[in-house]
Amino acid sequence: MEIITNAYPIRQFELNYDWQEIQSRYLKLYAGLVSDALEHLGYHSQCMASGVYPLLHSMKVAGPAFTCHGIATPSRDGKIHDIRLGMFKSMTPGVVQIRDTQGDLSCGQFGEISATAAAAHGCVGAVIDGSTRDSNYLIDMNFPTFCRFRNPVEAFGRFMVVDYQIPIFVKGMDGLLRVNPGDYVFGDNDGVVIVPFEKTLEVLELAEEWFASEAKSRAEMAKGRDPFDVYSEFGRF
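Residues numbered from 1 in each chain as written. Predicted model: local features only at pLDDT ≥ 70, side-chain atom pairs only at ≥ 80, totals over all residues. Heavy atoms only, no water.

- The name given to the protein in an unreviewed UniProt entry is Putative 4-hydroxy-4-methyl-2-oxoglutarate aldolase, with the source organism recorded as Rhabdobacter roseus.

1. Topic: the overall build of the protein
Alright, step 1. The helix and strand inventory of the protein stands at eight helices and 14 strands.
Alright, step 2. Relative to the 2.2 N^0.38 estimate, which gives 18 Å for 237 residues, the radius of gyration of the protein is 19 Å and therefore close to what a compact globule would have.
Alright, step 3. Projected onto its principal axes, the C-alpha coordinates of the protein cover approximately 65 × 35 × 35 Å.
Alright, step 4. Looking at the protein residue by residue over its 237 residues, the buried ones come to 48%.
Alright, step 5. For the protein, contacts bridging at least 24 residues in sequence account for 76% of all contacts bridging at least 6.
Alright, step 6. Summing over all exposed atoms, the protein offers an accessible surface of approximately 11,300 Å²; the carbon and sulfur share of this is 53%.
Alright, step 7. Seen as two clouds, the 21 positive and the 30 negative side-chain charges of the protein have centres 5 Å apart. (Helix = DSSP H or I, 4+ residues; strand = E, 2+ residues; numbered from the N terminus. Rg over C-alpha atoms; globule rule 2.2 N^0.38 Å. Buried < 20%, exposed > 50% of the residue type's maximum accessible area, 1.4 Å probe, protein only. Contact = heavy atoms within 4.5 Å. Areas by Shrake-Rupley, 256 points an atom, 1.4 Å probe, with all protein chains shown as cover. Lys, Arg positive; Asp, Glu negative; His and termini not counted. Charge placed at Lys NZ, Arg CZ, Asp CG, Glu CD.)

2. With respect to the UniProt feature "binding site: Mg(2+)" (unreviewed entry) in the protein
Alright, step 1. With numbering aligned to this structure, UniProt lists the feature "binding site: Mg(2+)" (unreviewed entry) at D134.
Alright, step 2. Here D134 is to be found in the loop between strand 7 (131-132) and helix 6 (135-140).
Alright, step 3. Each residue touching D134, except ones within four places of it in the same chain, is listed here: G111 and E112.
Alright, step 4. Looking at D134, its side chain comes within polar contact range of the main-chain nitrogen of E112, at 3.0 Å. (UniProt positions renumbered as here; feature names shortened; annotations may be inferred. Polar contact = N/O pair within 3.5 Å; in protein donor to acceptor, adjacent residues only side chain to side chain.)

3. Some points on the side chain of Q46
Alright, step 1. On the secondary structure map, Q46 appears in the loop between helix 2 (31-40) and strand 3 (53-54).
Alright, step 2. Residue class for Q46 comes out buried when judged on its relative accessible area of 15%.
Alright, step 3. Leave out the neighbours within four places in its chain, and Q46 touches L38, L177, V192, V193, I194 and P196.

4. Examining helix 5 (residues 112-120)
At 3.6 residues per turn, the α-helix brings residues three or four places apart onto the same side.
Alright, step 1. The set of residues buried in helix 5 consists of S114, A115 and A118. Buried residues of helix 5 fall within an arc of 100° about the axis and therefore sit on the same side. Along helix 5, exposed side chains directed more than 90 degrees from the buried face belong to I113 and A120.
Alright, step 2. Buried-residue contacts for helix 5 involve strand 5 (96-99) and helix 6.
Alright, step 3. Just downstream of helix 5 lies G122, where phi reads positive at about 100°. (Arc of directions from axis to C-beta.)

5. Considering helix 2
Alright, step 1. Inspection of helix 2 places A31, L33, V34, S35, A37 and L38 among the buried residues, and these make up the whole buried set.
Alright, step 2. Where helix 2 ends, the next residue or the one after it, G42, has phi of about 100°, a positive value.

6. Observations regarding the packing of aromatic side chains
Centre-to-centre distance and the angle between the planes together describe a pair of aromatic rings.
Alright, step 1. A full pass over the atoms with the stated rule returns six aromatic pairs.
Alright, step 2. Ring plane angle 20° and centroid distance 4.3 Å describe the contact between Y26 and Y184, whose orientation is recorded as stacked. With a gap of 158 residues between them, Y26 in helix 1 (residues 19-26) and Y184 in strand 13 (residues 184-188) connect regions that are remote in the sequence.
Alright, step 3. Geometrically, the ring pair formed by F66 and Y164 is stacked, given 6.3 Å between the ring centres and 10° between the ring planes. Remark: Y164 occurs in strand 10 (residues 159-164) and F66 occurs in strand 4 (residues 61-72); sequence separation between them is 98 residues. (Phe/Tyr/Trp six-rings, centres within 6.5 Å; stacked < 30°, edge-to-face > 60°.)

7. So, the pattern of salt bridges
Alright, step 1. Overall, the coordinates contain five salt bridges when judged by the stated rule.
Alright, step 2. As a salt-bridge pair, D163 and R11 come within 2.8 Å of each other at their nearest N and O atoms. Remark: R11 occurs in strand 2 (residues 8-11) and D163 occurs in strand 10; sequence separation between them is 152 residues.
Alright, step 3. On the basis of relative accessible area, R11 is assigned to the buried category, the value being 17%.
Alright, step 4. The structure contains a network of salt bridges with shared partners spanning E21, R25 and E208. (Salt bridge = Lys/Arg side-chain N within 4 Å of Asp/Glu carboxyl O.)

Here it is, written out as structure tokens:
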């Protein structure tokens, strides 16, 4: 759905599932298992490149992607700069803001005020293929934030978000990784996995099945049972 208001389009992605139920189920899992499920279904390049980690090891993020396209630019054009304000009206409850940065290293591309505004519009976390600043504030407000590095320099005059809710490309394990609005974003202390929108539920159900099998396998391994027997019985190791 797209409408125009104050010259900034409203693009709200419509889900075909209850975001709270699906989020609560995903948050019980871990990134390695979600990645394994994708691999099993034939999706072999869905992890962001190493280096995108949470500000705190305990942070996890799960939700449909709200994509933001950013570029390095010295422009101080007010209308372009205010795209970052106009985009908030396109956010819907449960989304995870994910930003590309085109490899820019010049500044902090996401911070506490941006997180505060996003959270007020339903956003539950952020994945920045670049940097953050105001890290202590983000931690204190318990806003799950993933990034490659931290940088205290302000973005104005160096970097801008110039579009949103369009396909973007972030660094992936095997080159550039496309992220579409609505793709499912899952991240923990091991990294970030992108689940294609149409596979959101199938991946979840498979990962949940394996999660249950792993729990049984883990318990039997802890008892000292023969690993071959355990693997033969539960199929997960």
